[in-house]
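Close look at the chain arrangement
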Amino acid sequence: MKKSLIFAAILAVMAGFSSCSLKNDVSFGENDLIGTWQENGKEAFMRFTSEKADTEYKYGYEWDEAEDIFPEDLIKYGNGWFKWKLVKADLTQIHLMDNGGAEIPKVYTVTKLTDTDLQFKDEFEVTHNYKKVVNSK
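Values in this document were obtained by computation on a predicted structure and should not be read as measured data. (Residues numbered from 1 in each chain as written. Predicted model: local features only at pLDDT ≥ 70, side-chain atom pairs only at ≥ 80, totals over all residues. Heavy atoms only, no water.)

**What about the overall build of the protein chain?**
Defined as follows: Segments assigned H or I by DSSP are reported as helices when at least four residues long, segments assigned E as strands when at least two residues long, and all are numbered from the N terminus. Burial classification: accessible surface area is computed with a 1.4 Å probe over protein chains only, and a residue below 20% of its type maximum counts as buried, one above 50% as exposed, and the rest as partly exposed. In what follows, a contact means two residues having at least one pair of non-hydrogen atoms within 4.5 Å. All accessible-area figures derive from a Shrake-Rupley calculation using a 1.4 Å probe, and residue coverage is judged against the displayed protein chains alone.
The number of helices and strands found in the protein chain is one helix and eight strands. When the elements of the protein chain are put in sequence order from the N terminus, they spell out α-β-β-β-β-β-β-β-β. The buried share of the protein chain, reckoned over its 137 residues, is 33%. Looking at the protein chain alone, contacts between residues at least 24 apart form 39% of all its contacts between residues at least 6 apart. Per element, the accessible surface of the protein chain, about 8,900 Å² overall, is 56% carbon and sulfur.

Listed below in structure tokens is the structure:
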């Protein structure tokens, strides 16, 4: 009886550790983000570049053609631009602003990243889906 209780306790502890580690083991590669992504069903785009912003972050920018905003309309490192990094499944974007140099951070959880698909959730659990634009390295 005593051995059964010890064995059951060990199994319970192991199950607890394995369920915790599965959540944290999800990892995606930064290089897979490089390129241009279009939000599904919209004319909204994000481009992740490999250009270094500093030791931790790279630059990216976004635009919305439905609002007549195109990449050439953006002021480099101003509105529409962001710094980004990906650590495991945490995508951090620091949005840059023209007025006063404000930087607005947002952290997303990447749930899918393939050659063609990007999916992430924001802090409100809203899912954002993107398709990679062909030939966009």
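Don't stop here, the text continues.
**Remarks on the packing of aromatic side chains**
Going by this rule: Pairing of aromatic side chains requires ring centres within 6.5 Å, counting the rings of Phe and Tyr and the six-membered ring of Trp. Pairs whose planes differ by under 30 degrees are stacked, by over 60 edge-to-face, and all others tilted. Over a ring means this: the NZ of a Lys or the CZ of an Arg is within 6 Å of the ring centre and within 35 degrees of the ring normal.
Taken as a whole and assessed by the stated rule, the structure comprises 10 aromatic pairs. Both rings, one in tyrosine 61 and one in tryptophan 81, keep their centres 4.7 Å apart while their planes meet at 35°; by these two values the pair is tilted. Residue tyrosine 61 is located in strand β3 (residues 58-64), and its partner tryptophan 81 is located in strand β4 (residues 81-87); the two are separated by 20 residues in the primary sequence. Of the residues examined, tryptophan 81 reaches a relative accessible area of 8% and is grouped as buried. Looking at lysine 83, its charged tip hangs above the ring of tyrosine 57, at a distance of 5.9 Å from the centre.

**A closer look at the pairing of strand β6 (residues 103-113)**
The criterion, for reference: Pairing between strands is defined by DSSP: at least two bridges between the two strands are required.
As judged from the seven bridges shared by strand β5 (residues 90-96) and β6, these two strands associate in the antiparallel manner. In the sheet register, leucine 91 faces β6, and the bridge partner there is tyrosine 108. Sheet topology note: the β6/strand β7 (residues 117-121) ladder contains four bridges and is antiparallel. From the neighbouring strand, threonine 109 faces β7, where its bridge partner is lysine 121. Between β6 and the antiparallel strand that follows it, β7, lie three residues.

**Some points on the sheet that holds strand β1 (residues 35-39)**
Going by this rule: Here an axis means a line fitted to C-alpha atoms, over the contact stretch when the element is a helix, while the angle between two N-to-C directions is reported on a 0 to 180 degree scale.
Taking strand neighbours around the barrel as the criterion, the eight strands line up as β1-β2-β3-β4-β5-β6-β7-β8 in a closed arrangement whose pairing is antiparallel. Put simply, the sheet's adjacent strands are angled 35° from each other on average, direction ignored.

Shape descriptors only; they carry no functional weight alone.
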